[in-house]
Amino acid sequence: MKRIIITGALGQIGTELTVKLMELYGEENVLPTDVHKNSDNEMITSKLEILDVRDFDQMDELVKKFKPDTILHMAALLSATCEKDPLLAWDINMNGLINALEVARIHDLKFFTPSSIGSFGESTPKKNTPQTTIQRPNTMYGVNKVSGELLCDYYYDKFNVDTRGVRFPGLISHIKEPGGGTTDYAVDIYFEAIKSGKYTCFLEEETYLDMMYIDDAIDAIIKLMEADAKSLSTGNAFNITAISASPKEFTTEIKKHIPDFEIDYDVDPVRQKIADTWPEQLDCSEAEKQWGFAPKYDLEKLTTTMLTAIKEKYKK
Ligand code: VAH
């Protein structure tokens, strides 16, 4: 990668990914885009171009002008939001993706877009979920993610576009909070532990899901994109995860720092239903073998990092 355009640059991943890429490749070589400019991150908003990914001509114009060698397509609606408006989700997640793939094909760009553990369904093996296995999700988000994986394979096979991607677990960050995700409780719990000392969780206490600290996610994107194409049997949709945990285990870890922290449960049936169809723990051996995936944050290190950063943010 030398010169990079990013869609969804103000999202949970996009925000920290854009900053990291500017540090690594130079601000002048990174073009952040998003459908709005609502951010206090001057470094990003000073460079940001407004782009609705459903507008192919707008995306094509920006690429012609900026002349990147890579597009990181991060713009998408997340799982719970997709269930609120499935047709809007299809429009943004799929028409946005096909536009980004077409722009990559026409301008010969290297391509990345994330898939998710949401691409699996009820019938997928829940533990040590294989890299290649059954994928019959019954959520609009999952349908979008499986379709996206297949589209990326198609553009690789048919048009020789260098499409790459990972299946992200729930991502945990303190700089940009996620919106509309099923795994968002794993972010909210840390903020509430500092702000109020108690948290009402929308998933059941024994709901195990794959999770990862945002720095490991950003490092994985960069490592995959810089990997030699010859070492990748398929560049697309690698299983990656760092932690398999439940709300109960997050609580136990937080109580090591804040003994009085309390949790109670008010289960959201929509997000519980989604979470129950997702795996508990992915097998990441292909990512480890093919491009050296190696997360650094376990639950203990994640918890210390999150609580320290949020305390600083709220000066507690
Ligand atoms: C969501 N955070 O909850 C996203 C992610 C694995 C979950 O795709 O929808």
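Relevant structure appears above.
Residues numbered from 1 in each chain as written. Predicted model: local features only at pLDDT ≥ 70, side-chain atom pairs only at ≥ 80, totals over all residues. Heavy atoms only, no water.

Asker: Which residues make up the site of the ligand, and what values go with them?
Answerer: Around the ligand sit Leu78, Ser79, Ser116, Ile117, Tyr141, Phe168, Pro169, Gly170, Gly181, Thr182, Thr183 and Trp278, and those are all the residues in its vicinity. Considered on its own, the ligand offers 280 Å² of accessible surface; in the complex 95% of this is hidden by protein. In the shell around the ligand, the residues fall into six nonpolar, six polar and no charged. Two domains each put at least three residues into the shell around the ligand: domain 1 (4–169 + 213–239) and domain 2 (172–211 + 242–280 + 296–315). (Near = heavy atom within 4 Å. Areas by Shrake-Rupley, 256 points an atom, 1.4 Å probe, with all protein chains shown as cover. Nonpolar A, V, L, I, M, F, W, Y, C, P; charged D, E, K, R; others polar. Domains from an automatic or database assignment.)

Asker: Summarise the state of the cysteines; cite the residues concerned and give the values.
Answerer: Scanning the entire structure with this criterion turns up zero disulfides. Here Cys82 is not cross-linked by a disulfide; its sulfur's nearest cysteine counterpart is in Cys152, at 16 Å. (Disulfide = S-S within 2.5 Å.)

Asker: Can you tell me about the packing of helix α1 (residues 12–25) against helix α8 (residues 214–226), naming the residues and giving the values?
Answerer: At a minimum axis separation of 10 Å, α1 and α8 run at an interaxial angle of 55°. Judged by the inter-axis angle, α1 sits oblique to α8. Here α1 runs over α8; the crossing is right-handed. Contacts between α1 and α8 involve Gln12, Ile13, Glu16, Leu17, Lys20, Leu21, Leu24 and Tyr25 from the first element and Ile214, Asp215, Ile218, Asp219, Ile221, Ile222 and Glu226 from the second. Taken together, the residues of the contact of α1 with α8 sort by class into nine nonpolar, one polar and five charged. (Axes fitted to C-alpha atoms, helices over the stretch in contact; angles between N-to-C directions. Helix = DSSP H or I, 4+ residues; strand = E, 2+ residues; numbered from the N terminus. Parallel < 35°, antiparallel > 145°, perpendicular 65-115°, else oblique. Left-handed = near helix turned anticlockwise from the far one by under 90°. Contact = heavy atoms within 4.5 Å.)

Asker: Account for the environment of Ala309, naming residues and giving values.
Answerer: Inspection of the secondary structure puts Ala309 in helix α12 (residues 299–313). Among the residues examined, Ala309 registers a relative accessible area of 21% and is labelled partly exposed. Sequence separation of Ala309 and Phe191 is 118 residues, and the distance between their C-alpha atoms is 9.9 Å. (Buried < 20%, exposed > 50% of the residue type's maximum accessible area, 1.4 Å probe, protein only.)

Asker: Break down the pairing of strand β12 (residues 209–213) for me, citing the residues and quoting the values.
Answerer: Of all five residues making up β12, five are buried, and the element is well covered by its neighbours. Of the two faces of β12, the one carrying Leu209, Met211 and Tyr213 and the one carrying Asp210 and Met212 are both buried. As paired strands, strand β10 (residues 170–172) and β12 are joined by three bridges and run parallel to one another. Bridge assignment links Leu171 to a residue of β12, and that residue is Met212. Taken together, the three bridges between β12 and strand β14 (residues 243–245) define a ladder with antiparallel strand orientation. (Pairing = 2+ DSSP bridges.)

Asker: Tell me about a negative patch on the surface, residues and numbers included.
Answerer: A cluster of acidic side chains, namely Glu122, Glu204, Glu205 and Asp276, defines a negative patch on the protein surface. Locating Glu204 in the fold gives a position in the loop between β11 (198–201) and β12. (Patch = residues over 30% accessible without salt bridge, like charges linked within 9 Å, V, L, I, M, F, W, Y side chains within 5 Å. Salt bridge = Lys/Arg side-chain N within 4 Å of Asp/Glu carboxyl O. Lys, Arg positive; Asp, Glu negative; His and termini not counted. Charge placed at Lys NZ, Arg CZ, Asp CG, Glu CD.)

Asker: I'd like to hear about the sheet that holds β10, residue by residue, with values.
Answerer: Within the open sheet, the three strands sit side by side as β10-β12-β14. Their pairing is mixed. The two strands at the open ends of the sheet, each matched to only one other strand, are β10 and β14. The average angle at which neighbouring strand axes cross in this sheet is 40°, direction not considered. In this fold helix α7 (residues 185–195) packs onto β10, β12 and β14, with an angle of close to 25° to the strand it touches most, β10.

Asker: Pulling in residues and values, what's your account of the pairing of β11?
Answerer: What you see with β11 is a clean split: Tyr199 and Cys201 sit on the buried side and Lys198 and Thr200 on the side with no burial. Inspection of the sheet shows β11 paired to strand β15 (residues 262–265) by four bridges, in the parallel sense. Bridging across to β15, Lys198 finds its partner in Glu262.

Asker: I'd like a rundown of unusual backbone geometry, residues and numbers included.
Answerer: The phi dihedral of Asn128 falls on the positive side, at around 50°, and the residue is not glycine. In this structure Asn128 comes out as partly exposed when scored by relative accessible area, which is 49%. Non-glycine residue Asn160 carries a positive phi angle of around 60°. Inspection of the secondary structure assignment puts Asn160 in the loop between α6 (140–159) and β8 (163–164).

Asker: Which residues make up the packing of α7 against helix α9 (residues 247–255), and what values do they have?
Answerer: With their axes 11 Å apart at the nearest point, α7 and α9 run at an angle of 30° to one another. Compared by their axis directions, α7 and α9 come out roughly parallel. At the point where α7 passes α9, the crossing takes the right-handed sense. Note on element contacts: α9 touches α7 through Pro247, Phe250, Thr251 and Ile254, opposite Tyr185, Ala186, Ile189, Tyr190 and Ala193. Of the residues contributing to the contact of α7 with α9, the split by class is eight nonpolar, one polar and no charged.

So far we have only geometry, and geometry alone does not tell us how the molecule works.
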